[in-house]
Each structure stands twice: as C-alpha cells, then as structure tokens.
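Structural overview
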Amino acid sequence: QVQLVESGGGLVQPGGSLRLSCTASSSIFSNYDMGWYRQAPTKQREEIAYITKDGVTAVEGSLKGRFTISKDTAQNTMYLQMNNLKPEDTAVYYCNHKFVEQWFPWGQGTQVTVSS
C-alpha cells in the first residue's frame, strides 16, 4: 500500500514562499501522474497542479506564475514551490494520484497558513 507524506507547510507572511514536499513509500512518481491538492476551510478539496509520469506539468490557471510543481524520482519526492503567497492560499495541502479512480490513501496533508 502506497503511503504519502506531505511536509513543508507552515505560517508565512503574505508575499512569502514555501516549498512543499510529497514523499512516497515506493517509486510512484515515475509510474503515475500525480497531483497536488488543497482544501481550504469550508471548501472542497481541489486539484491545483499535476505532473505526469513523463514530467509534463500543469498548474491551475489562477496559480500560474506563483506555483511550480516538480519531482525527483530518484528521491521518490514531488515538490510544490509556492511564491508570493496570499491569504487565500491558506489551506491543507495534499498530494495524490491525478485521477480520482486511482487515488491512494490520503496522507495527513501539510497546513499552509498565510497571514500577517
């Protein structure tokens, strides 16, 4: 069973940056299309970025230019670089398979709080 562990969140001021990591218990990033998701308070979980097994990336429209997704398959790790953070980016961030029918068990997520 694949285990996903997200890390790197924290409290940051508006305009700040964070880099989130998603570490997997097996070599999934070279075999599956994976995504970053977030869930803000009172909102549904949403996909915000994905990276295919071949390395093709995409970031949700409103986040383009601020968020970058990447991976290191040798380290079984995927990253989300977040720059110029805004209060509306406050959420719990998760990683998982891109396609809902192939989701792995969800990890605990990592909390990102953007506040002055």
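In short, a report on the structure. (Residues numbered from 1 in each chain as written. Predicted model: local features only at pLDDT ≥ 70, side-chain atom pairs only at ≥ 80, totals over all residues. Heavy atoms only, no water.)

So, the sheet that holds strand β3 (residues 18-24)
The strand order across the open sheet formed by four strands is β1-β3-β8-β7, and the pairing between neighbours is antiparallel. Whereas interior strands pair on both sides, the edge strands pair on one side only; in this sheet they are β1 (4-7) and β7 (67-72). Neighbour-to-neighbour, the strand axes of the sheet open up by a mean angle of 15°, direction not taken into account. Bridge count between β3 and strand β8 (residues 77-82): six bridges; the pairing is antiparallel. What sits directly across from S21, in β8, is Y79. (Pairing = 2+ DSSP bridges. Helix = DSSP H or I, 4+ residues; strand = E, 2+ residues; numbered from the N terminus. Axes fitted to C-alpha atoms, helices over the stretch in contact; angles between N-to-C directions.)

Some remarks on the nonpolar core
If you look at the biggest cluster of nonpolar residues, it comprises 29 residues, and the most contacted ones within it are L4, W36, F67, M78, L80, M82 and Y93. Mapped by element, the contributors of at least two residues to this core are β3, β4 (34-39), β5 (46-51), β7, β8, β9 (91-97) and β10 (110-114). Ranked by residues supplied to this core, first place goes to β3 with four residues. (Core = buried A, V, L, I, M, F, W, Y, C linked by side-chain atoms within 4.5 Å. Buried < 20%, exposed > 50% of the residue type's maximum accessible area, 1.4 Å probe, protein only.)

Section: the state of the cysteines
Scanning all chains against the criterion turns up one disulfide. The disulfide bridge from C22 ends at C95, spanning 2.0 Å between sulfur atoms. Taking the sign of the S-S torsion, 70° for the link of C22 and C95, the bridge is right-handed. Remark: C95 occurs in strand β9 and C22 occurs in strand β3; sequence separation between them is 73 residues. We classify C95 as buried; its relative accessible area is 0%. (Disulfide = S-S within 2.5 Å.)

Some thoughts on the sheet that holds β9
Backbone hydrogen bonds hold the strands of a sheet together, and the pairing may be parallel or antiparallel. Strand order in the open sheet formed by six strands is β2-β10-β9-β4-β5-β6, and the pairing between neighbours is mixed. A single partner strand is all that each edge strand has here, and the edge strands are β2 (10-12) and β6 (57-59). Averaged over all adjacent pairs, the angle separating strand axes in this sheet is 25°, with direction ignored. Here β2 pairs with β10 via three bridges, running parallel. Looking across to β10, one finds that G10 is bridged to V112.

Topic: the pattern of salt bridges
Under the criterion given, the structure shown has four salt bridges. Across the pair D89 and R66 runs a salt bridge whose closest N-O atoms are separated by 2.8 Å. With D89 in the loop between β8 and β9 and R66 in the loop between β6 and β7, this residue pair connects regions lying 23 residues apart in the sequence. Among the residues examined, R66 registers a relative accessible area of 9% and is labelled buried. The network of salt bridges with common partners includes R38, E46, R66 and D89. (Salt bridge = Lys/Arg side-chain N within 4 Å of Asp/Glu carboxyl O.)

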